[in-house]
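As a plain string of letters, each chain reads:
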Amino acid sequence: MTTPQPPTARAKDPITGDEEAGKELRLGEFTNAVGLTLSEARTLMSVIFEHRREAGKYAVPDNDIVKKTQDYLEVFSRFKQQETAQAVERILVGQSDLSSFERAQLGSLCCDTAEEAKTLIPSLAEKRTDEDLQDLLEEITRLRQFV
C-alpha cells in the first residue's frame, strides 16, 4: 500500500492579465513601457552600482537576486562593451515601425535569420519582409564580438 505524496509545487495563481507576445502584441500595462535589451540592462546595472560605490552614500544591493541577475546578464548579454550596446540601440531606435518590446527582443536574441526572428517574435511577421528583417539582423550581427 502506497501513501499519498504531497504536491511537489505550489498551486499556481490563474493568469489574470491579457499580456501576450504573439502575432498581435498585447502587453497590458507594459504597452508603453520602454524595453531594454539584456546588454542595456547589464550596462545600466553596472553604471548605477559603480556610481553608488564612488559616491559612497548609497549601498550597493548585496543579495542573491542581484547577484543572480548580474550573472544572468553577464552570460546572456550579447554586447559586452557599453559603446557597442549603444550602437545597437541606435540601430534599433531607428526602426520606428517596431515596438519597444520588439526592438529589445531583437537586440537580446540576436537571431541569425529572419525566419528565426519571426518564429521567436511572431508580431514581426506582418511588419517586415524577410529581406528587410534579414538586413537589420545582419547590421546587428556585424556589431557582435565573438569572444
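Right above here is the structure, for reference.
Owing to the predicted nature of the structure, the values given are computational and were not obtained by experimental measurement. (Residues numbered from 1 in each chain as written. Predicted model: local features only at pLDDT ≥ 70, side-chain atom pairs only at ≥ 80, totals over all residues. Heavy atoms only, no water.)

### Notes on the overall build of the protein
In step 1: Helix and strand counts for the protein stand at 6 helices and 2 strands.
In step 2: Put simply, the protein runs from its N terminus to its C terminus through helices and strands in the order β-β-α-α-α-α-α-α.
In step 3: Out of the 147 residues belonging to the protein, those deemed buried represent 30%.
In step 4: When contacts within the protein are restricted to residue pairs at least 6 apart in sequence, those whose partners lie at least 24 apart make up 58%.
In step 5: Split by element, the accessible area of the protein, about 10,700 Å² in all, is 52% carbon and sulfur. (Helix = DSSP H or I, 4+ residues; strand = E, 2+ residues; numbered from the N terminus. Buried < 20%, exposed > 50% of the residue type's maximum accessible area, 1.4 Å probe, protein only. Contact = heavy atoms within 4.5 Å. Areas by Shrake-Rupley, 256 points an atom, 1.4 Å probe, with all protein chains shown as cover.)

### Some words on the packing of helix α1 (residues 38–55) against helix α3 (residues 82–93)
The angle between the axes and the distance between the axes are what describe a pair of packed helices.
In step 1: Interhelical geometry of α1 versus α3 gives an angle of 135° and a closest axis separation of 9 Å. By the angle class used here, α1 and α3 are oblique. Taken as a pair, α1 and α3 cross one another with a handedness that is left-handed. Two secondary-structure elements touch here, α1 through S39, E40, T43 and V47 and α3 through Q82, A85 and E89.
In step 2: Of the residues in the contact of α1 with α3, the class split is 2 nonpolar, 3 polar and 2 charged. (Axes fitted to C-alpha atoms, helices over the stretch in contact; angles between N-to-C directions. Parallel < 35°, antiparallel > 145°, perpendicular 65-115°, else oblique. Left-handed = near helix turned anticlockwise from the far one by under 90°. Nonpolar A, V, L, I, M, F, W, Y, C, P; charged D, E, K, R; others polar.)

### Quick notes on the side chain of R128
In step 1: Residue placement: R128 occurs in the loop between α5 (114–120) and α6 (130–141).
In step 2: Only 2.5 Å separates the side chain of R128 from the side chain of Q95, close enough to count as a polar contact.
In step 3: Excluding anything up to four places from it in sequence, R128 contacts Q95, D97, L98, K118, L133 and L136. (Polar contact = N/O pair within 3.5 Å; in protein donor to acceptor, adjacent residues only side chain to side chain.)

### Looking at the packing of α1 against helix α2 (residues 64–76)
In step 1: For the pair α1 and α2, interaxial distance at closest approach is 9 Å and the crossing angle is 130°. Taken as axis vectors, α1 and α2 run oblique relative to one another. Between α1 and α2 the crossing geometry is left-handed. Where α1 abuts α2, its residues L38, A41, R42, M45 and F49 lie against V66, T69, Q70, Y72, L73, E74 and F76.
In step 2: Classifying every residue of the contact of α1 with α2 by side-chain character gives 8 nonpolar, 2 polar and 2 charged.

### Structural notes on a negative patch on the surface
In step 1: A contiguous patch of negative charge, built from E131, D132, D135, E138 and E139, is present on the exposed surface.
In step 2: Residue position: D132 is located in helix α6.
In step 3: For D132, a relative accessible area of 42% gives the class partly exposed. (Patch = residues over 30% accessible without salt bridge, like charges linked within 9 Å, V, L, I, M, F, W, Y side chains within 5 Å. Salt bridge = Lys/Arg side-chain N within 4 Å of Asp/Glu carboxyl O. Lys, Arg positive; Asp, Glu negative; His and termini not counted. Charge placed at Lys NZ, Arg CZ, Asp CG, Glu CD.)

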